[in-house]
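# Secondary and tertiary structure notes
Each chain, written out:
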Amino acid sequence: MRKLLFSLAFALALVWGAASAQTLTVAAGAVGMELELVRDAAQRFMDANPGVTVNVLDTPDLADDRLGLYLQFFEARSPEVDLYQIDVIWPGDLEEHFVDLFEFGAGDVVDQHFPAIVENNTVDGRLIGIPWFTDAGLLYYRTDLLEKYGFDGPPATWSELTEMAQVIQDGERAEGNTDFWGFVWQGNAYEGLTCDALEWIASNAGGRIIEPDGVITVYNPNAVEIIDLAASWVGTISPPGVTGFAEEDARLMFQAGNAAFQRNWPYAYSLGQGPDSDIAGLFDVSPLPAGDAEGGTPAATLGGWQLGVSRYSENPELAAELALFLTSYEEQKIRAIVGTFNPTIMALYEDPEVLEAVPFFGALYDVFINAVARPSTITAPDYAEVSRLFFRAVHDVLTGVEEADTALALLELDLEAFTGFPTGSP
Ligand code: GLC
C-alpha cells in the first residue's frame, strides 16, 4: 500500500512537473565574455524559478549578421525565440515584432534607467526593449609605451594620435616587433564602421550624418577632411587589414601587445585586464580625440543593447519576467564588475563596489551620458539601409576606391533619394 502511494505520488509529481515545465529561449550576444555572463545569469533565474528552463542562443558577433538572423525568425513569426537582445539602433526598425513591455510590468522599473535610452526604446508609446547595457566608443592606449616615448598623456586630437602612433610604431618595429601597429579600430563594411566614422565626423564638427530633425548633413568639408585623414591611416599607422576589422579583431591585436592605440567599447577593458591578456596593467582608456576643425570636440557613438520580448513568443509573461530579471540592478552590477558592461541603471554609477572595480565608469561618466546617437529614430524603419549606404561610402574611401569628397557627395544623393529628406549644413 505504501509502495502504491509512493508510486502514485511520484506519477503525480511527474505529471505536475511536465505541466509546469516551461522553456524560454533568449537570443543573446556572444562578443568577448557575453555568452558566459548570460548563461550564468540564466542559471540564477532557473535556480530561482524551478520548472523553468532558459536556453541561451549564441548569435553572430557582427550586429548586421545578428539582425539578419533575427529577421529570419521574425519573417517566420517563429515562437522559437522568446527574448531578443536588440541593438540601440533597432527599436524603430523592429518595433512590430515586439510586445509592449509597459504591459508586462516594466513601468515600475523604467525610471531607474537613463531616460534617453528609455525614450530611444519607446516607439509610439510602446516600450520595445528594456535597457540592458549602454556603450560608448573609447580610446584605449598603452600607458607603458606612452611613457617610453615621452608622451605625457593620451592624444587630444586625431592629428596628435596620428603622430604619436607613428612614433611608437617606428620605435617598436625598430626594436624588432615587426607585427606592431599604431592604431586599430573597426574598418570592416558593417555597423561598427558607422559607429567609428560617426565619431570621426562628429568630433570634427561635421554633424551626425542625418540630424535628429531629418536634415542630411553628411556632405560637408569637415566630414570630408576627417574621412580623408582616416583613409590615410590604412597601411600607415593601421594594418591594411583594418578595413576588414570588427571589434574583436581590434581587441585581440591590442590585447596581444601589438598596437599602441585602439578604438573600442568598454567591454574590451575587462578582457584586456584579464588572465589571457599580454597587456594587463599596461593600458588605460580616455575619451576619443577631437578633430582639428573649429568647434571640434571629442565624440563617442552611443551603442548598447536592450532586451525585447517577441510578439510571437508563446509565453510573453515569463519572457518579460526574465527580461526584468536580467536587466535588474543586481544583474547589471555583476555584468559591470565582471565584464565592464556599462549599466543603464543610473544608481549603479554611484555604487561604491562598481566604482571601485571599474573606476573609469566614474571618471568617464560624461562620455557615457553625452554619447552621440546614430540617426536611427528619424530614419526608422529604414535605419539599417541608411547605415549601409553610409558605411559602404566610407569603406570605399578607406579602401581607396573613391576620394572622400566624391564618396560623400554621392552618399548625399543616395540618402536624399532614399529618405526624401532635405540636405543642409550641420
Ligand atoms: C556595439 C554597440 C552597438 C553597435 C555595435 C557595432 O555592440 O553596442 O550599438 O551597433 O557595437 O558593431
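## A word on the domain arrangement of the protein chain
Parsing the protein chain into structural domains produces domain 1 (2–136 + 303–369) and domain 2 (138–301 + 374–419). Taken over C-alpha atoms, the centre of domain 1 sits 30 Å from the centre of domain 2. Tallying the contact residues gives 26 residues for domain 1 and 28 residues for domain 2. Approximately 2100 Å² of surface area, both sides summed, lies buried where domain 1 meets domain 2, with 67% of it carried by carbon and sulfur atoms. Of all residues in domain 1, I89, D93 and A136 bury the most surface against domain 2, accounting for 26% of the area lost on that side. Viewed at the interface, domain 2 and domain 1 are joined by one salt bridge. Note that R374 and D87 form a salt bridge whose closest N and O atoms lie 4.0 Å from each other. Inspection of the region where domain 1 meets domain 2 yields 10 residue pairs in polar contact (both at pLDDT 80 or more). Those elements that place two or more of their residues in the side of domain 1 that touches domain 2 are α3 (63–75), α4 (91–94), β6 (130–136), α13 (329–339) and α16 (365–369).

## Here we look at the site of the ligand
Neighbouring residues of the ligand: D87, V88, D135, Y190, E191, G192, E247, W265, G303, G304, W305 and R374. A total of 310 Å² of accessible area belongs to the ligand in isolation, and the protein chains cover 91% of it. Breaking the shell around the ligand down by element, the ones donating at least two residues are α8 (191–203) and β11 (302–309). The element contributing the most residues to the shell around the ligand is β11, with three residues. Grouping the constituent residues of the shell around the ligand by class yields four nonpolar, three polar and five charged.

## Digging into the packing of aromatic side chains
By convention here, two paired aromatic rings are described through the distance between centres and the angle between planes. Per the stated rule, a full pass over the model turns up 31 aromatic pairs. A ring pair is formed by F74 and Y84, whose centres lie 4.8 Å apart and whose planes are at 50°; its orientation type is tilted. Here F74 is found in helix α3, whereas its partner Y84 is found in strand β3 (residues 83–87), with 10 residues between them in sequence. Accessibility classification places F74 together with Y84 in one group, the buried group. Taken together, the aromatic side chains of F114, Y140, F254, Y269, F283, Y349, F360, F361, Y365 and F368 make up a single cluster linked through ring pairs. One Lys or Arg, R66, reaches over the ring of W305 and ends 4.5 Å from the middle of that ring. Positioned over the ring face of W181 is R173, at 4.3 Å from the centre of the ring.

## A look at the sheet that holds strand β1 (residues 22–28)
One open sheet holds the five strands; their spatial order is β2-β1-β3-β11-β6, and the pairing between them is mixed. The strands lining the two open edges of the sheet, one partner per strand, are β2 (52–58) and β6. Averaged over all pairs of adjacent strands, the angle between strand axes in this sheet comes to 20°, irrespective of strand direction. Alignment of β1 against β3, held across two bridges, turns out to be parallel. Within β3, the residue paired with V26 across the bridge is L83. Packed onto the sheet, α3 meets β1, β2, β3 and β11 and runs at close to 140° relative to β3. Contacts between helix α12 (residues 316–326) and the sheet are confined to β1, β2, β3, β6 and β11, with β11 contributing the most and set at about 150° to the helix.

## Regarding the nonpolar core
Counting 137 residues, the largest nonpolar core has W200, I227 and F261 as its most contacted members. For this core, the element with the highest residue contribution is helix α18 (residues 383–398), accounting for 10 residues. Built from parts of two domains, this core gets at least three residues from each of domain 1 (2–136 + 303–369) and domain 2 (138–301 + 374–419).

## A short note on the side chain of D93
Positionally, D93 belongs in helix α4. R388 is the oppositely charged side chain nearest to the buried, salt-bridge-free D93, at an N-O distance of 7.4 Å. In this structure D93 touches A380, P381, D382, Y383 and A384, once residues within four positions along its chain are discounted.

## Concerning α3
Taking 1.5 Å of rise per residue, the 13 residues of α3 would be expected to cover 18 Å, and the 18 Å separating its terminal C-alpha atoms lies within 8% of that figure. When α3 is considered as a whole, its buried residues turn out to be A63, R66, L67, Y70, F73 and F74. Take α3 and look down its axis: the buried residues cluster within an arc of 115°, on one side only. Exposed side chains of α3 directed beyond 90 degrees from the buried face belong to Q72 and E75. R77, located one to two residues past α3, shows a positive phi value of around 45°.

## Concerning the packing of α18 against helix α19 (residues 404–419)
As a packed pair, α18 and α19 sit with axes 9 Å apart at the nearest point and diverge in direction by 165°. In terms of axis orientation, α18 runs roughly antiparallel to α19. Along this stretch, α18 crosses α19, giving a crossing that reads as right-handed. Each of E385, V386, L389, F390, A393 and V397 in α18 lies in contact with α19, whose residues at this interface are A404, A407, L411, D414, L415, F418 and T419. Among the residues making up the contact of α18 with α19, the classes are represented as 10 nonpolar, one polar and two charged.

## What to know about the packing of α8 against α18
In a packed pair of helices, the relevant descriptors are the angle between the two axes and the axis-to-axis distance. Where α8 contacts α18, the two axes come as close as 9 Å, and the packing angle between them is 70°. Here α8 lies roughly perpendicular to α18, going by the angle between them. Between α8 and α18, the residues in contact are E191, L193, T194, A197, L198, W200 and I201 and Y383, S387, F390, F391, V394, H395 and L398, respectively. Classifying every residue of the contact of α8 with α18 gives 10 nonpolar, three polar and one charged.

Calculation notes
- Residues numbered from 1 in each chain as written.
- Predicted model: local features only at pLDDT ≥ 70, side-chain atom pairs only at ≥ 80, totals over all residues.
- Heavy atoms only, no water.
- Domains from an automatic or database assignment.
- Contact = heavy atoms within 4.5 Å.
- Buried area = accessible area lost by both parts, 1.4 Å probe.
- Salt bridge = Lys/Arg side-chain N within 4 Å of Asp/Glu carboxyl O.
- Polar contact = N/O pair within 3.5 Å; in protein donor to acceptor, adjacent residues only side chain to side chain.
- Helix = DSSP H or I, 4+ residues; strand = E, 2+ residues; numbered from the N terminus.
- Near = heavy atom within 4 Å.
- Areas by Shrake-Rupley, 256 points an atom, 1.4 Å probe, with all protein chains shown as cover.
- Nonpolar A, V, L, I, M, F, W, Y, C, P; charged D, E, K, R; others polar.
- Phe/Tyr/Trp six-rings, centres within 6.5 Å; stacked < 30°, edge-to-face > 60°.
- Buried < 20%, exposed > 50% of the residue type's maximum accessible area, 1.4 Å probe, protein only.
- Lys NZ or Arg CZ within 6 Å of the ring centre and 35° of its normal.
- Pairing = 2+ DSSP bridges.
- Axes fitted to C-alpha atoms, helices over the stretch in contact; angles between N-to-C directions.
- Core = buried A, V, L, I, M, F, W, Y, C linked by side-chain atoms within 4.5 Å.
- Lys, Arg positive; Asp, Glu negative; His and termini not counted.
- Expected span 1.5 Å × (residues − 1).
- Arc of directions from axis to C-beta.
- Parallel < 35°, antiparallel > 145°, perpendicular 65-115°, else oblique.
- Left-handed = near helix turned anticlockwise from the far one by under 90°.

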